[in-house]
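Here is what each chain is made of, one letter per residue.
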Amino acid sequence: MNTNHHFGILALAALSGLAACTRAPAPAEPAKAQEPMKQESTADEPGAPGHTPYANMPKIAPIGVRIGKHFDVPAGARGPEVDPAKGYRLQDLGNGLYMVTDNIYQSMFLVYDKGVVVVDTPPNYAANLPKAIAEVTDKPITHLIYSHAHKDHIGGTKALGGKPIIIAQEETARLLKRDNDPDRPLPTVTFKDKYTLEVGGKRLDLSYHGNAHLPGNIFISAPEQKVLMVIDVAFPGWMPWRRFAVAQDVLGSIAQLDEIAKLPWETLVGGHVARTGTHADVDMQVEFYKDLKQAAGQALSSTKPGEGVNPEDMKNPWAIYDDYIDRVVVQCVNTLTPKWSTRLAAYDVYIWDQCYSMEQTLRIE
Ligand SMILES: [Zn+2]
């Protein structure tokens, strides 16, 4: 460690007179005139950033680098304000159906003649769910539907109290058995493809469309209210959460978004962000994914592994590919930024993540 450090200082001192030159894009001619140039990277501690960044490095800071101030959130991506004293807001979706949200998470409940059906219990505000329900009814919670197994959407179930019937897709039951988490009680009713819940003349259609975000993640349709709830696939007005919202199947998640776009709902509850979604929102995300796929594909085919890698690293395939993938992603980010940086809220937060995820998907799937 010490030796390396000393070496670093000595080498830096030796090269200090060339600092301006080593940082420049290095035109071929002057570089030849100054012989230490070819060894420039050995001035670094192994593992430290090189003196010369990748060509065309985007202005948006890459993963792991602190950003001073992010892009402003466009007005159209913001939702109605949440009363800070309450910590949640209720949105009437019609005919006894309500969305509850803290403008970060979203869940629903349906009031029928004898009780209440809850869909999801995000721990973010689950303690307030009984209060939110009490704003519109004093009927008991009789059913709970899990959209999928993820803790951040159903981990607040205990706050509901009582012993509701819990309905989930069978893959969700399998994952919850594996996870053995007291905060996510096992479902009491499971189904494979479709399940219709009819209570007091009100109806919810549950259906499974295969793996995308997570095995067991279902579509929840309220046909009378023209509401569709699918969690962690569509992000109205926003850049999706990192790496396609950590989709277990990226291409599956893209295909599922296409499916959502074609269904005849009017209001989409996506599980996140500050407002419900419209078809225009979903269509925009479909277009973004199309552009992202194209940008990553083009960057993969026009970039060569190994170019500019320190010759000493040429027997380290991980290093060669890391460098290659970085350059692919630099190109992907640069291709997308002019069109998308002002159209999706938080574009700058996750564009690197999305490009890394997409290049990986295209390269191995
Ligand atoms: Zn999830």
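As a reminder, the structure under discussion sits directly above these lines.
Residues numbered from 1 in each chain as written. Predicted model: local features only at pLDDT ≥ 70, side-chain atom pairs only at ≥ 80, totals over all residues. Heavy atoms only, no water.

Every protein donor of the zinc ion is listed here as His148 (NE2), His150 (ND1), His213 (NE2) and Asp232 (OD), and their distances to the metal cover 2.1 to 2.2 Å. The coordination sphere of the zinc ion comprises four donor atoms, whose angles at the metal cover 89 to 166°; the geometry is irregular. Overall, His150 belongs to the partly exposed group, its relative accessible area being 24%. (Donors = N, O, S within 2.8 Å, 3.2 Å for Na, K, Ca; no water. Tetrahedral: all angles 85-135°; square planar, octahedral: opposite > 155°, others 65-115°. Buried < 20%, exposed > 50% of the residue type's maximum accessible area, 1.4 Å probe, protein only.)

Another point: the layout of surface pockets. Its volume calculated, the second largest pocket comes out at about 400 Å³. Around the second largest pocket, the lining is made up of 21 residues, and of these Ile104, Phe235, Trp241, His272 and Val273 lie nearest the centre. Per-class residue counts for the lining of the second largest pocket are 14 nonpolar, five polar and two charged. (1 Å grid on protein atoms, 1.4 Å probe; cavity = no way out; pocket = protein on both sides within 12 Å on 5 of 7 lines; lining within 4 Å. Points joined across faces, edges and corners; volume = space filled by probe spheres on them. Nonpolar A, V, L, I, M, F, W, Y, C, P; charged D, E, K, R; others polar.)

This next bit is on helix H11 (residues 347–364). In a regular helix each residue adds 1.5 Å, so 18 residues correspond to 26 Å; H11 covers 25 Å between its end C-alpha atoms and thus fits that length. Within H11, 13 of the 18 residues are buried, leaving the element largely enclosed by the surrounding structure. (Helix = DSSP H or I, 4+ residues; strand = E, 2+ residues; numbered from the N terminus. Expected span 1.5 Å × (residues − 1).)

Across the sheet, which stays open at both edges, the seven strands sit in the order E1-E2-E3-E4-E5-E6-E7 with mixed pairing between neighbours. At either end of the open sheet lies a strand with only one pairing partner, and these are strand E1 (89–94) and strand E7 (189–191). Pairs of neighbouring strands in the sheet enclose a mean axial angle of 20°, with direction left out of account. Here three bridges tie strand E5 (residues 141–145) to strand E6 (residues 165–169), and the two strands are oriented parallel to one another. Looking at the pairing, Ile145 lines up with Ile167 of E6. On the sheet, helix H6 (residues 170–179) packs against E6 and E7 and is oriented at approximately 105° with respect to E6. (Pairing = 2+ DSSP bridges. Axes fitted to C-alpha atoms, helices over the stretch in contact; angles between N-to-C directions. Contact = heavy atoms within 4.5 Å.)

What follows covers the nonpolar core. With 43 residues, the main nonpolar core has Ile260, Val282, Phe288, Leu292, Leu336 and Ile351 as its most contacted residues. Of all the secondary-structure elements, those providing two or more residues to this core are helix H8 (250–262), helix H9 (279–302), helix H10 (317–340) and H11. Examining the composition of this core, we find that 10 residues originate from one element, H9, more than from any other. With sequence-adjacent residues up to four places away left out, Ile260 is seen in contact with Phe219, Leu228, Val230, Val233, Trp265, Leu268, His279 and Val282. (Core = buried A, V, L, I, M, F, W, Y, C linked by side-chain atoms within 4.5 Å.)

Counting through the fold element by element, Arg89 comes out in strand E1. Engagement of the side chain of Arg89 in a polar contact is seen with the backbone oxygen of Pro80, the distance being 3.3 Å. A polar atom in the side chain of Arg89 sits 3.0 Å from the side chain of Asn103. If near-sequence neighbours (up to four positions away) are discounted, Arg89 is found in contact with Pro80, Glu81, Val82, Met99, Val100, Thr101, Asn103, Ala274 and Arg275. (Polar contact = N/O pair within 3.5 Å; in protein donor to acceptor, adjacent residues only side chain to side chain.)

Helical periodicity: at 3.6 residues per turn, an α-helix aligns residues three or four positions apart in one direction. Counted at 1.5 Å a residue, the expected span for H8 with its 13 residues is 18 Å, and the 19 Å between its end C-alpha atoms agrees. Burial in H8 covers these residues: Val250, Gly252, Ser253, Ile254, Gln256, Leu257, Ile260 and Ala261. For H8, the elements touching its buried residues are strand E10 (218–222), strand E11 (227–229), helix H7 (242–246), strand E12 (267–269), H9 and H11. Two or three places before Leu251, at the start of H8, stands the capping residue Asp249, its side-chain oxygen 3.3 Å from that residue's backbone nitrogen.

Here the focus is the sheet that holds E10. Across the sheet, five strands lie side by side as E8-E9-E10-E11-E12; this open sheet has mixed pairing. At either end of the open sheet lies a strand with only one pairing partner, and these are strand E8 (194–199) and E12. Along the sheet, successive strands turn relative to each other by an average axial angle of 20°, direction set aside. Sheet topology places strand E9 (residues 202–208) next to E10; four bridges connect them, and they run antiparallel. Each bridged residue has a counterpart across the sheet, and for Leu206 the counterpart in E10 is Ile220.

Let us now look at the packing of H9 against H10. Across the interface, H9 lies against H10 with an axial gap of 8 Å and an inter-helix angle of 140°. Between H9 and H10, the angle is such that the two are oblique. For the crossing formed where H9 meets H10, the hand is right-handed. Between H9, through Met284, Glu287, Phe288, Asp291, Leu292, Ala295, Ala296, Gln298, Ala299, Leu300 and Ser302, and H10, the contact on the second element is made entirely by Tyr324, Val328, Gln331, Cys332, Thr335, Leu336, Lys339 and Trp340. Residue classes in the contact of H9 with H10 are distributed as 12 nonpolar, four polar and three charged. (Parallel < 35°, antiparallel > 145°, perpendicular 65-115°, else oblique. Left-handed = near helix turned anticlockwise from the far one by under 90°.)

One pass over the full model with this rule turns up eight aromatic pairs. Ring geometry for Tyr98 and Phe109: centres 5.2 Å apart, planes at 20°, overall stacked. Of this pair, Tyr98 sits in strand E2 (residues 97–101) while Phe109 sits in strand E3 (residues 106–111), and the two are 11 residues apart along the sequence. For the pair formed by Tyr98 and Phe109, the shared burial category is buried. (Phe/Tyr/Trp six-rings, centres within 6.5 Å; stacked < 30°, edge-to-face > 60°.)

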